[in-house]
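Tertiary structure, described
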Amino acid sequence: MQTVESSTGAGIVDLGLYPFEAGTVRLAVHGAEGSPLDFSDPDVRAAIVAALSDDPFAPFSNDALKAHAPPALAALDGALPDHAELARVASLWRPRLLVLADRKDELTGEQTVVLRFEERLREIKRGMAEAEAAGDEDTREALHAKYIEVGTTYAGRLAAREQ
């Protein structure tokens with residue numbers, strides 16, 4: 001497990017739960033060399049800490065991610081198709097990087113639909129965490145059921161895209 005502590009002391013973030021966000025910062029800072037999920041470099045860790053927000057339910061600052069998106073996108077694109085690990089995540093990471101880099105016009109219709117599913121899943125997951133923190137088990141369970149429903153549809157969409 002790779003974790004970092006927020007500079008404001010807002011909490012400890014497990015980077016494994018935020019592979020895209022932490023990976024974006026890593027690509028921007030360190031480029032495509034090595035594993036996109038290796039956050040051990042001190043410069044990468046410092047940049048990740050600087051990109052954190054005080055929101056325990058969305059620990060990465062969207063503004064910070066937007067600032068990292070153009071160099072991360074350039075690193076990703078420059079490494080493809082030869083970098084096996086990045087090639088595996090490119091179909092999911094590249095569309096999100098395009099949005100963060102204000103290049104939405106380059107998205108296909110299918111990518112836009114998939115991004116909407118991902119955003120909906122993030123919203124539901126946040127709602128579940130907030131309900132759990134508030135001790136509202138009924139709401140958390142209802143949202144969990146919704147998460148499974150939306151997640152199943154999303155997975156089916158991704159599977160159909162790969163065929």
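Heads up: the structure comes first, above all this text.
Keep in mind the model is a prediction, meaning the values are calculated, not measured. The numbering scheme is per chain: residues are counted from 1 as the chain's sequence reads. For this predicted model, a pLDDT threshold of at least 70 governs which residues receive local features, and a threshold of 80 or more governs which side-chain atom pairs are given and counted, while totals over whole chains, interfaces and linings are taken from all residues. Only hydrogens and water are set aside; all other atoms, that is, all heavy atoms of the structure, feed into the side-chain values.

Here's the deal with helix α2 (residues 42-50)
Threshold: Exposure categories follow from relative accessible area, calculated using a 1.4 Å probe and restricted to protein chains: below 20% of the type maximum is buried, above 50% is exposed, and the middle band is partly exposed. The way it works is that DSSP assigns letters per residue, a run of H or I at least four long becomes a helix, a run of E at least two long becomes a strand, and they are numbered from the N terminus. In what follows, a contact means two residues having at least one pair of non-hydrogen atoms within 4.5 Å. We call two N or O atoms a polar contact when they sit within 3.5 Å, provided that within protein one can donate a hydrogen and the other can accept it, with sequence-adjacent residues counted only if both atoms are side-chain atoms.
All buried positions along α2 are accounted for by Val44, Ala47, Ile48 and Val49. Where α2 is buried, its residues meet β1 (3-5) and α1 (19-30). If you check the start of α2, you find a side-chain oxygen 2.9 Å away from the backbone N of Asp43, and it comes from Asp41.

Let's talk about the side chain of His83
With respect to the helices and strands, the residue His83 is situated in the loop between α3 (62-79) and α4 (84-100). On the accessibility criterion, His83 (16% relative accessible area) is buried. Of the polar contacts made by the side chain of His83, one reaches the backbone oxygen of Ala32; its length is 2.9 Å. Contact partners of His83, with chain neighbours within four places excluded, come to Ala32, Gly34 and Pro36.

Concerning the side chain of Arg96
Relative to the helices and strands, Arg96 is located in helix α4. Looking at Arg96, the relative accessible area reads 16%, which means it is buried. Residues within four places of Arg96 in sequence aside, it is in contact with Phe20, Glu21, Leu115, Glu118 and Arg122.

Observations regarding the pattern of salt bridges
Once the charged atoms of two side chains with opposite charge are near each other, the side chains can pair. The condition is simple: Only one rule defines a salt bridge in this text: a Lys or Arg side-chain nitrogen within 4 Å of an Asp or Glu carboxyl oxygen.
Applying the stated criterion across every chain, the model contains ten salt bridges. Measuring nitrogen to oxygen at the nearest pair gives 3.0 Å for the salt bridge that ties Arg122 to Glu119. Of the two residues, Arg122 and Glu119 both sit in helix α5 (residues 109-134), three residues apart, roughly one turn of that helix. Glu119 gets classed as partly exposed once you look at its relative accessible area, which sits at 36%. A salt bridge links Lys146 to Glu149; its shortest N-O distance comes to 3.6 Å. Of this pair, Lys146 and Glu149 both sit in helix α6 (residues 137-162), three residues apart, which is roughly one turn of the helix. Overall, the relative accessible area of 31% leaves Lys146 in the partly exposed class.

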